[in-house]
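Residue-level listing of the chains:
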Amino acid sequence: MDQLWVPPSIVTLLKATVIDNIHLCFHRLLWAVKLKLRLQTLCRLRRTVDDMKDALMEIIQLATLHSNPWVLMVADILKSFSDLEEQNPNVQDILGELRGKVGECEASAMLPLECLNKNALTTLAGPLTPLVRYFQLKRKPKSATLREKWLQKSMETAQQLKRSVAFKKYKPMTNVS
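First, a word on scope: everything that follows refers to the structure included in this document. Note that the structure is predicted; figures quoted are calculated from it, not measured. (Residues numbered from 1 in each chain as written. Predicted model: local features only at pLDDT ≥ 70, side-chain atom pairs only at ≥ 80, totals over all residues. Heavy atoms only, no water.)

A tally of helices and strands in the protein yields nine helices and zero strands. Of the regular secondary structure in the protein, the N- to C-terminal order runs α-α-α-α-α-α-α-α-α. With 177 residues in all, the protein has 20% of them scored as buried. Restricting to contacts in the protein with at least 6 residues of sequence separation, those with at least 24 account for 57%. When the accessible surface of the protein is split by element, carbon and sulfur atoms take 62% of a total near 14800 Å². (Helix = DSSP H or I, 4+ residues; strand = E, 2+ residues; numbered from the N terminus. Buried < 20%, exposed > 50% of the residue type's maximum accessible area, 1.4 Å probe, protein only. Contact = heavy atoms within 4.5 Å. Areas by Shrake-Rupley, 256 points an atom, 1.4 Å probe, with all protein chains shown as cover.)

Okay, here's the thing in structure tokens:
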């Protein structure tokens, strides 16, 4: 269980045939793998969940019989989530209303402002106010001074190396008799 995979990264690996076969080996998997397999359901597109609904529900049923409390909790959450969405007309109404509201919004309004470049941000939010400087350093920090010093030394060394290589390249050969 040393692999650091998360549900969004494994979703592409778990095709319908793999999901269909997981219930056969579910009891032999580590609890952490079972947990991540359950959580990947939340990262799937709606149509793929609908396509694999029977196999996913069967795995959720197997998970509800597990002894690990985390696997049980996630299985119960997913089971109640799927039951709630299917059977409750209030949930269906709210979901329909939300889908309508999202459909009415512009695509640019759905993005966080951090995603926009400077021109798009200026167009949407108006001109940006300049940043206020609250204090000014009297001298450069020691780290900046050291950095400049080392950069200068490295540039001098590089120039000396270039000169020595160029000098060796064009130095006339003398015949030794």
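The complete set of buried residues in helix α5 (residues 53-63) reads A55, L56, I59, I60 and A63. In a view along the axis of α5, the buried residues occupy a sector of 140 degrees, so they form one face of it. (Arc of directions from axis to C-beta.)

A word on the side chain of H66. Looking at the element boundaries, H66 is found in the loop between α5 and α6 (69-87). Judged by its relative accessible area of 16%, H66 is buried. Reaching out from H66, the side chain makes a polar contact with the side chain of K34 at a distance of 2.8 Å. The contacts of H66, once residues within four sequence positions are left out, are W31, K34, V71 and L72. (Polar contact = N/O pair within 3.5 Å; in protein donor to acceptor, adjacent residues only side chain to side chain.)

Ranked by size, the top nonpolar core spans 14 residues in total, and within it I19 and I22 carry the most contacts. Looking at this core, the elements with two or more residues in it are α2 (16-25), α3 (31-39), α5 and α6. For this core, the element with the highest residue contribution is α5, accounting for four residues. In this structure, I22 is in contact with L14, L37 and I59, ignoring residues within four places of it in sequence. (Core = buried A, V, L, I, M, F, W, Y, C linked by side-chain atoms within 4.5 Å.)

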